[in-house]
Amino acid sequence: MKRPTRVVVRARAKINLDLRILGRRPDGYHELRTIFQTLGWHDTVAVSRVQGPLAMTGDASKMPLDRSNLAWRAADALWAAAGSRREPSGARIAIVKRIPLQAGLGGGSSDAAAALVALNHLWNFGLSREELAALARPLGADVAFFLTGGTALGLGRGDEIYPLADLPSHHVVVAWPAHGVSTVDAYRWFTEFHARRPGAERNGHPRGWDPAHLDASGNDLEAPVEAHRPEIRKIRRALVSGGARLARMSGSGSAVFGLFDSKAKAAGACGVVRSAGWMAVCTRTLARGRLVV
């Protein structure tokens, strides 16, 4: 089979329909139970066959273009898994960035998963999806999810992925303020929030997943982060006022998503959010099977 000279992959955004923090793990990470959901909105990751060492380009000003980028680290991991001790070579990774950084939408993780898929094809390594998932888990908590997509349960650090019945298709508005939220800050605020409020009620931890009862979902990071970033609460309330069936902060923020039953309602709410000075996009949930490739 002739090797391709260029492979293009859509790196989808994700939202967390539900996010519960169950405690602290022995390795220092938090034990999570979350429901991931893929969106149609995406970055684009293109890998091309070139002469010389691995290179990376990108169109986002704050995106690193070296080994600190998860997509580059994914290339390193894939190259090593193929048995080479040399530096990766023969490819250039080009990322067209649309998903904002520090927004809780998994953009960097999705780019890394897309790079794994694309480079596996370009370099003709022939690794299975399960083998790619094993490489994805050490890269970041939610990288492995993007190799599954759709609606999925994430356990552990969020890297143990179990496909679920897909959420019925919804129109989605994703909105975010000018300033992002680092994951480190979000979890520190969570710890401080509950230290100051020892009797504060936490969200429950339901064992089942029923897409018909989205109103029972929650995000344990939402209140602590909103205490420091009140604009997130304002965005969430604006989406609810605009007719969102559900509006939640995604992951550790700063992005907020609203689920809508009609395209017209979503477009109207998107316009209201933008007119208030925040950024927003209209998209849809994406079922499993309509993955990156």
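This text goes with the structure placed above it.
Let me begin by describing the structure that accompanies this report. From a predicted model like this one, the values you see are computed outputs, not experimental measurements.

Summed over all chains, the structure comprises 16 salt bridges. For arginine 157, the salt bridge is made with aspartate 159, and the minimal N-O distance between the two is 3.4 Å. The same class applies to arginine 157 as to aspartate 159, namely buried. Glutamate 222 is the partner of arginine 248 in a salt bridge, and the nearest nitrogen-oxygen pair spans 3.9 Å. In this pair, arginine 248 is assigned in strand E8 (residues 246–249) and glutamate 222 in helix H5 (residues 222–228), connecting sequence segments 26 residues apart.

Turning to the layout of surface pockets, a few remarks are in order. There is about 1,200 Å³ of room inside the largest pocket. Lining the largest pocket are 47 residues, and of these Ser109, Ala141, Asp142, Thr183 and Ser252 lie nearest its centre. At the level of elements, strand E1 (6–24), strand E2 (30–53), helix H2 (107–122) and helix H4 (183–196) are the ones that each hand at least two residues to the lining of the largest pocket. Here the element with the most residues in the lining of the largest pocket is H4; it accounts for 5 residues. Among the residues making up the lining of the largest pocket, the classes are represented as 19 nonpolar, 20 polar and 8 charged. Of the pockets and cavities examined, the second largest pocket occupies roughly 330 Å³. Lining of the second largest pocket is provided by 17 residues; of these, Ser61, Lys62, Ile99, Pro100 and Leu101 occupy positions nearest its centre. The residue inventory of the lining of the second largest pocket, partitioned by class, reads 8 nonpolar, 5 polar and 4 charged.

Let us look at the nonpolar core. Leu78, Ile93, Leu116, Leu119 and Trp123 are the most contacted members of the largest nonpolar core, which totals 42 residues. Looking at this core, the elements that each hand over two or more residues are E1, E2, helix H1 (70–81), strand E4 (89–96), H2 and helix H3 (129–136). Per-element tally for this core: the top contributor is H2, with 9 residues.

This part covers the environment of leucine 221. Tracing the chain through its elements places leucine 221 in the loop between H4 and H5. Leucine 221 gets classed as buried once you look at its relative accessible area, which sits at 0%. Apart from the residues within four sequence positions on either side, leucine 221 is in contact with Leu19, Ile21, Ala186, Tyr187, Phe190, Met249, Gly251 and Ser252.

Basis of the calculations
Residues numbered from 1 in each chain as written. Predicted model: local features only at pLDDT ≥ 70, side-chain atom pairs only at ≥ 80, totals over all residues. Heavy atoms only, no water. Salt bridge = Lys/Arg side-chain N within 4 Å of Asp/Glu carboxyl O. Buried < 20%, exposed > 50% of the residue type's maximum accessible area, 1.4 Å probe, protein only. Helix = DSSP H or I, 4+ residues; strand = E, 2+ residues; numbered from the N terminus. 1 Å grid on protein atoms, 1.4 Å probe; cavity = no way out; pocket = protein on both sides within 12 Å on 5 of 7 lines; lining within 4 Å. Points joined across faces, edges and corners; volume = space filled by probe spheres on them. Nonpolar A, V, L, I, M, F, W, Y, C, P; charged D, E, K, R; others polar. Core = buried A, V, L, I, M, F, W, Y, C linked by side-chain atoms within 4.5 Å. Contact = heavy atoms within 4.5 Å.

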